[in-house]
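Results of the structural survey
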Amino acid sequence: MKSVLVTGGTGFIGSALVDSLLSKGANVVVADQLISPSTDPEVWKRRMDRYYEICKKHGTQPNLEIIDLSTERERLKHILIKNNIGTVFMLSAVFGGRAFVDRQQAACSIGFAIDQNTIRACYESGTVERVNYASSACVYPPSLNKPAYLLKESDILSTGEGLASSDNLYGFQKIMTETTLKVFSEEHGLKTSSCRFLTVYGAGEYPTTHAISMLCQRALKHENPFVVWGSGEQERGFTYVTDIVEGQILAAEKITDGTAVNLGWSKRYKIKDVVAMILSIVGYKPAIFFDKSKPEGPFSRALDISLAKKLLGWSPKIDLHEGLELTLEWMKKQNI
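Presented here is a report on the structure given in the accompanying data block.

1. Considerations on the sheet that holds strand 14 (residues 300–301)
Spatial strand order, 12-9-14: three strands in an open sheet with mixed pairing. At either end of the open sheet lies a strand with only one pairing partner, and these are strand 12 (269–270) and strand 14.

Okay, here's the thing in structure tokens:
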């Protein structure tokens with residue numbers, strides 16, 4: 001019956017985290033800016049519907065605060081005090097798929113304001129004891145994204161490449177927030193942790209801006225030709241969303257000194273093989289076109305999760321084929 005706040009709690013990973021926390025008996029408050037219904041009413045409606053469905057499933061009333069965390073620090077502090085929040089999960093972010101990370105770095109910079117305001121409000125509230133941050137594998141140097149190499153937590157800023165030591169401004173912003181949380185732990189006793197995610201996918205993602213959800217949507221719509229960004233040779237370790245939120249909760253419980261841990265699969269799959277798997281599950285055989293004019297991101301990226309195993313006793317449980325089946329089943333039910 002602890003009181004927990006989830007920023008970004010109507011989003012893809014955030015809503016799965018809210019679901020898990022409610023199943024454990026927590027009192028959960030969600031703080032989210034959502035998306036303006038005047039600009040994208042369908043996204044607004046789907047995210048709200050999912051949040052209300054989760055609350056209904058657990059027999060609890062929705063507790064949602066619509067807030068712009070990039071500007072409303074004092075209001076967030078009031079929300080924390082009013083609800084006697086003891087733990088905060090930071091998932092609010094300006095984000096998108098590969099094209100966003102590569103080409104909209106000015107938008108990524110809003111993350112500095114969101115995260116700094118959230119951390120400061122948590123500290124100033126006097127009620128918050130623990131903060132867990134949703135970071136990213138984008139903190140790692142792109143030059144280390146190569147076959148057979150598993151990215152370790154100590155690899156951040158290790159290559160002497162300056163700002164190129166992370167995946168664009170998005171990755172650098174995540175590093176700065178991780179560092180801030182560690183400093184607040186050291187100087188003010190705030191119990192903090194960060195989790196670095198890699199290519200999260202699964203039921204509940206909307207809009208479909210990332211690779212897995214986009215490919216699944218195209219397969220269900222029977223698109224022909226079936227367009228795939230990049231060469232198809234790029235490879236990733238894909239992690240199902242429920243495995244991620246399990247790791248987040250464990251990190252919030254067990255890590256108190258700002259340590260960051262990797263959460264993801266160390267096994268890699270080529271995008272062309274993921275496409276083949278999705279089409280096989282759907283039972284559809286279109287002509288496949290690899291559009292090499294589109295960004296494909298790092299050629300190869302997977303994580304060393306030995307630290308998460310050691311500190312949290314965590315490892316992912318849902319392999320890619322099972323996760324794709326769950327994702328496609330959910331998308332069919334939602335008519336996405």
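2. Things to note about the pairing of strand 1 (residues 3–7)
Along strand 1, five of the five residues are buried, which leaves the element largely enclosed by surrounding structure. Burial along strand 1 is two-sided: Ser-3, Leu-5 and Thr-7 and Val-4 and Val-6, pointing in opposite directions, are all buried. Pairing analysis gives five bridges linking strand 1 to strand 2 (residues 27–32), with the strands arranged parallel. Opposite Val-4, over in strand 2, you have Val-28 as the bridge partner. Crossover handedness for the path strand 1 to helix 1 (residues 12–23) to strand 2: right-handed.

3. Section: helix 6 (residues 110–125)
The terminal C-alpha atoms of helix 6, which comprises 16 residues, lie 23 Å apart, in line with the 22 Å expected from a rise of 1.5 Å per residue. Along helix 6, the residues that are buried comprise Gly-111, Ile-114, Asp-115, Asn-117, Thr-118, Ile-119, Ala-121, Cys-122 and Ser-125. Residues of helix 6 that are buried make contact with strand 1, helix 3 (73–82), strand 4 (87–90), helix 5 (105–108), strand 5 (130–136) and helix 7 (168–188). Directly beyond the C-terminal end of helix 6, a positive phi value near 80 degrees is found at Gly-126.

4. Some thoughts on the side chain of Ser-185
Checked against the element boundaries, Ser-185 lands in helix 7. Accessibility expressed as a relative area gives 12% for Ser-185, which makes it buried. Side-chain polar atoms of Ser-185 contact the backbone oxygen of Thr-256, separated by 3.0 Å. Setting aside chain neighbours within four positions, we find Ser-185 in contact with Leu-190, Thr-192, Thr-256, Asp-257 and Gly-258.

5. Notes on the pairing of strand 6 (residues 191–197)
Where burial is concerned, most of strand 6 is hidden: six out of the seven residues are buried. For strand 5 and strand 6, the ladder comprises seven bridges, and the chain directions are parallel. The residue bridging Arg-130 from the neighbouring strand is Lys-191, located in strand 6. Viewed along the sheet, the connection from strand 5 through helix 7 into strand 6 turns out right-handed. Sheet topology note: the strand 6/strand 11 (residues 257–263) ladder contains five bridges and is parallel. Pairing of Thr-192 across the sheet is with Asp-257, part of strand 11.

6. Notes on the environment of Arg-46
Locating Arg-46 in the fold gives a position in helix 2 (residues 41–57). Placed 20 residues apart in sequence, Arg-46 and Ile-66 show a C-alpha to C-alpha distance of 16 Å. Here Arg-46 is in contact with Tyr-206, Gln-334, Asn-335 and Ile-336, once residues within four sequence places are set aside.

About the thresholds
Residues numbered from 1 in each chain as written. Predicted model: local features only at pLDDT ≥ 70, side-chain atom pairs only at ≥ 80, totals over all residues. Heavy atoms only, no water. Pairing = 2+ DSSP bridges. Helix = DSSP H or I, 4+ residues; strand = E, 2+ residues; numbered from the N terminus. Buried < 20%, exposed > 50% of the residue type's maximum accessible area, 1.4 Å probe, protein only. Right-handed = clockwise from strand over helix to strand, strands pointing away. Expected span 1.5 Å × (residues − 1). Contact = heavy atoms within 4.5 Å. Polar contact = N/O pair within 3.5 Å; in protein donor to acceptor, adjacent residues only side chain to side chain.

Bear in mind that shape data such as this cannot, by itself, settle questions of function.
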